[in-house]
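Per-entry structural report
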Amino acid sequence: MSLFWLGNIVTLIGALFMVGIGFMHNKRKILICQNLQFLIMGLGNLLLGGVSGFIADMISIFRNIFCLKRELTKGWKVFFIILQVGASAIFLGFTGFVAREILPIAATLTYTWMLDTKKETVLKIVMLATQLMWLVYDISLMNISGMVFDILTFCSNIVGFMRARKHEAVEA
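First things first, this report covers the structure right here in the doc. Quick caveat, the model's predicted, so the values are computed rather than measured.

**Quick word on unusual backbone geometry**
Unlike most non-glycine residues, Met142 shows phi in positive territory, near 60°. With respect to the secondary-structure elements, Met142 resides in the loop between α6 (120–141) and α7 (144–171). Given the relative accessible area of 47%, Met142 is considered partly exposed.

Here's what the structure looks like:
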């Protein structure tokens, strides 16, 4: 089996988790479930030649575990952003596709900066924006599973956004 098909199969498994997460509106559950999704999809990215996607996913696991135990202060956000940029910069030269490899970095940095938001609707908007970055990245990798599920996840996050908005309106 070629790396292309293996990468797409692995990504498909991770993508199934990604779609389900889009329907969640509990931040803690989102972070926990994302860790498994990041591990699987990171391996899929690596198999398809997406080095910065793999790095972004691995650092995201570390960040999510941290956020489950401690508050993500501005100082910690900066730490994770520097870690992401530093680790990605080391490996970007190996890929030959620097412009493409910036997308997972930008998505991860945006998500990291906004992760401590208290409003679920804001988190969902961030997830929508970063999902579009991952869509473009997956298109460039020819990650068919990733592309399809990026679109489905975008749609599920719209549903999650609507639920969160309704929930916030009830609490107000």
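**Side note on empty space enclosed by the protein**
The tally for this structure, following the rule as stated, stands at one cavity of 30 Å³ or more. Lining the largest cavity are 23 residues, with Gln34, Gln37, Phe38, Gln131 and Trp134 positioned closest to its centre. Those elements giving two or more residues to the lining of the largest cavity turn out to be α1 (3–22), α2 (27–47), α3 (51–69), α5 (98–114), α6 and α7. Of the residues in the lining of the largest cavity, the class split is eight nonpolar, eleven polar and four charged.

**Remarks on the packing of α6 against α7**
Between α6 and α7, the shortest axis-to-axis distance is 9 Å and the interhelical angle comes to 175°. The orientation of α6 relative to α7 falls into the category roughly antiparallel. The residue inventory of the contact of α6 with α7, partitioned by class, reads 13 nonpolar, six polar and six charged.

**Some points on α7**
Relative to the 40 Å expected for 28 residues at 1.5 Å per residue, α7 spans 40 Å between its end C-alpha atoms, a close match to the ideal helical length. Every buried residue belonging to α7 is among Ser145, Gly146, Met147, Phe149, Asp150, Thr153, Ser156, Asn157, Gly160, Phe161, Ala164 and Glu168, and all of these are buried. Of the surrounding elements, those touching the buried residues of α7 are α1 and α6.

**Description of the pattern of salt bridges**
A side chain of one charge can pair with a side chain of the opposite charge when the charged atoms of the two come close. Tallying each qualifying case throughout the model produces two salt bridges. A salt bridge links Asp116 to Lys77; the nearest nitrogen and oxygen atoms lie 2.8 Å apart. Within this pair, whereas Asp116 is found in the loop between α5 and α6, its partner Lys77 is found in helix α4 (residues 74–95), the two being separated by 39 residues in sequence. Asp116 sits in the partly exposed class, given a relative accessible area of 27%.

**Let's talk about α3**
Here α3 spans 28 Å end to end across 19 residues, near enough to the 27 Å set by a 1.5 Å rise per residue. Among all positions in α3, only Ser52, Gly53, Ile55, Ala56, Asp57, Ile59, Ser60, Ile61, Arg63, Asn64, Phe66 and Cys67 are buried.

**Quick notes on the side chain of Asp138**
Structurally, the position occupied by Asp138 is in helix α6. By relative accessible area, Asp138 is classed as buried at 2%. Sequence-distant contacts of Asp138, that is, excluding residues within four places in its chain, are made with Asn45, Asn143, Gly146, Met147 and Asp150.

**Remarks on the side chain of Asn157**
Within the fold, Asn157 resides in helix α7. One polar contact links Asn157 to Lys124, side chain to side chain, over a distance of 3.1 Å. The residues contacting Asn157, other than those within four sequence positions of it, are Gly22, Lys124, Met127 and Leu128.

**Description of the nonpolar core**
Membership of the largest hydrophobic core is limited to twelve residues, which are Ile21, Ile30, Leu31, Phe66, Cys67, Leu72, Phe80, Tyr111, Leu115, Leu123, Val126 and Met127. The set of elements that each furnish at least two residues to this core consists of α2, α3 and α6. Per-element accounting of this core gives the leading share, three residues, to α6. Once residues within four sequence positions are removed from consideration, Leu123 is found in contact with Lys27, Tyr111, Leu115 and Thr117.

**A word on the packing of aromatic side chains**
Within this structure, the stated rule accounts for eight aromatic pairs. When the centroid spacing of 5.4 Å and the interplanar angle of 65° are considered together, the rings of Phe66 and Phe80 count as edge-to-face. Here Phe66 is found in helix α3, whereas its partner Phe80 is found in helix α4, with 14 residues between them in sequence. Relative accessible area serves as the criterion here: at 11%, Phe66 is assigned to the buried category. Three or more aromatic residues joined by ring pairs make a cluster, and in this case those are Phe62, Phe66, Trp76, Phe79 and Phe80. Over the face of the ring belonging to Trp113 we find Lys77, whose NZ or CZ atom lies 4.5 Å from the ring centre.

Calculation rules
Residues numbered from 1 in each chain as written. Predicted model: local features only at pLDDT ≥ 70, side-chain atom pairs only at ≥ 80, totals over all residues. Heavy atoms only, no water. Helix = DSSP H or I, 4+ residues; strand = E, 2+ residues; numbered from the N terminus. Buried < 20%, exposed > 50% of the residue type's maximum accessible area, 1.4 Å probe, protein only. 1 Å grid on protein atoms, 1.4 Å probe; cavity = no way out; pocket = protein on both sides within 12 Å on 5 of 7 lines; lining within 4 Å. Points joined across faces, edges and corners; volume = space filled by probe spheres on them. Nonpolar A, V, L, I, M, F, W, Y, C, P; charged D, E, K, R; others polar. Axes fitted to C-alpha atoms, helices over the stretch in contact; angles between N-to-C directions. Parallel < 35°, antiparallel > 145°, perpendicular 65-115°, else oblique. Expected span 1.5 Å × (residues − 1). Contact = heavy atoms within 4.5 Å. Salt bridge = Lys/Arg side-chain N within 4 Å of Asp/Glu carboxyl O. Polar contact = N/O pair within 3.5 Å; in protein donor to acceptor, adjacent residues only side chain to side chain. Core = buried A, V, L, I, M, F, W, Y, C linked by side-chain atoms within 4.5 Å. Phe/Tyr/Trp six-rings, centres within 6.5 Å; stacked < 30°, edge-to-face > 60°. Lys NZ or Arg CZ within 6 Å of the ring centre and 35° of its normal.

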